Amino acid sequence: MKPRKPRTRALAAALCLCLCLALAGLASLTPLASLAKDLRGNSNINLVRELYRKVSETIPSVVNARGNEEAIRSRLKCYEDYHEYSQRIHICNNAYTKKVVRLARESVRSRPSLGEFAAHVGMCPILHNLCMGQTENDKERCIQFERQCIDYTLDVFWRGAAQYTQQTYRLDQ
């Protein structure tokens, strides 16, 4: 066997050192990789569960019922036309929120907390999807549930009264 040149030995040693560092780096990244898969810390599931419960307890209002239902059906139709998530958010959900806000402005006379309302009404399509899973795809029931979500959001961020007061008012109608 021929003796190796000093340059070749240095290159082999450098490659060996790089391999050892790479393996050590992978070993130190293993705990980070397992944390990246753990979504519990980044999830708002308890917030969504609580919202779902509160919406379930909300009595649907007759104010804007037809218009809100039309906005929901338009959003669902738009979802059929656009299958990419980003398109649904930017096109369908934007049109949905604008229509719900316009309808509320036409019929609700109290001062809104408009920014919070717009942000929270965006949760209603998510609750619609949860409803579909809970009711084995009962589309009509989930459209009504989404209407309840819009009414709950109006109660909290626009109508300016406690939910109990709003529901009492609806029962009297």
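From a predicted model like this one, the values you see are computed outputs, not experimental measurements.

A. Representation of the overall build of the protein chain in the model. Broken down by element type, the protein chain carries eight helices and zero strands. When the helices and strands of the protein chain are placed in sequence order, the string is α-α-α-α-α-α-α-α. A buried classification covers 31% of the 173 residues belonging to the protein chain. The contacts in the protein chain between residues at least 6 apart in sequence include a share of 72% that link residues at least 24 apart.

B. Expanded view of the pattern of salt bridges. In the structure shown here, the tally under the stated rule is 10 salt bridges. The partner of E140 in a salt bridge is R73, with the nearest N and O atoms 2.5 Å apart. A residue pair is termed long-range when its members are at least 10 positions apart, and E140 in helix α7 (residues 139–157) and R73 in helix α3 (residues 65–81) qualify at 67 residues. Through salt bridges with shared partners, one network takes in E50, R53 and E57.

C. Local environment of the packing of helix α2 (residues 45–56) against α7. Packing of α2 against α7 leaves a shortest axis separation of 9 Å and a crossing angle of 95 degrees. The angle between α2 and α7 falls in the class roughly perpendicular. Contact with α2, carried on its side by L51, Y52, K54, V55 and S56, involves F145, Q148, C149 and Y152 of α7 and no other residues of that element.

D. How the structure looks around the state of the cysteines. If you walk through the whole model with that rule in mind, you get three disulfides. Each sulfur in the disulfide pair C78 and C92 lies 2.1 Å from the other. On the sign convention where negative means left-handed, the S-S torsion of about -80 degrees between C78 and C92 marks this disulfide as left-handed. In this pair, C78 is assigned in helix α3 and C92 in helix α4 (residues 85–107), connecting sequence segments 14 residues apart. Note on accessibility: C78 and C92 belong to one class, buried.

E. Region of the structure containing α7. Taking 1.5 Å as the rise per residue, α7 with 19 residues should run 27 Å; its terminal C-alpha atoms sit 27 Å apart, in good agreement. Counting buried positions along α7 yields 14 of 19 residues, so the element is predominantly enclosed.

F. Inspection of the packing of α3 against α4 at higher detail. Interhelical geometry of α3 versus α4 gives an angle of 170 degrees and a closest axis separation of 9 Å. Between α3 and α4, the crossing angle belongs to the class labelled roughly antiparallel. Contacts from G67, N68, E70, A71, I72, S74, R75, C78 and Y79 in α3 reach R88, I91, C92, N93, Y96, K99, V100 and L103 in α4. When grouped by side-chain class, the residues that make up the contact of α3 with α4 number nine nonpolar, four polar and four charged.

G. Structural view of the environment of C149. Checked against the element boundaries, C149 lands in helix α7. Relative accessible area serves as the criterion here: at 0%, C149 is assigned to the buried category. For the pair C149 and M123, spaced 26 residues apart in the sequence, the C-alpha separation amounts to 8.3 Å. With near-sequence residues (within four places) excluded, C149 lies in contact with V55, C124 and L127.

Definitions and cut-offs
Residues numbered from 1 in each chain as written. Predicted model: local features only at pLDDT ≥ 70, side-chain atom pairs only at ≥ 80, totals over all residues. Heavy atoms only, no water. Helix = DSSP H or I, 4+ residues; strand = E, 2+ residues; numbered from the N terminus. Buried < 20%, exposed > 50% of the residue type's maximum accessible area, 1.4 Å probe, protein only. Contact = heavy atoms within 4.5 Å. Salt bridge = Lys/Arg side-chain N within 4 Å of Asp/Glu carboxyl O. Axes fitted to C-alpha atoms, helices over the stretch in contact; angles between N-to-C directions. Parallel < 35°, antiparallel > 145°, perpendicular 65-115°, else oblique. Disulfide = S-S within 2.5 Å. Expected span 1.5 Å × (residues − 1). Nonpolar A, V, L, I, M, F, W, Y, C, P; charged D, E, K, R; others polar.

All we've got here are geometric facts, nothing functional implied.
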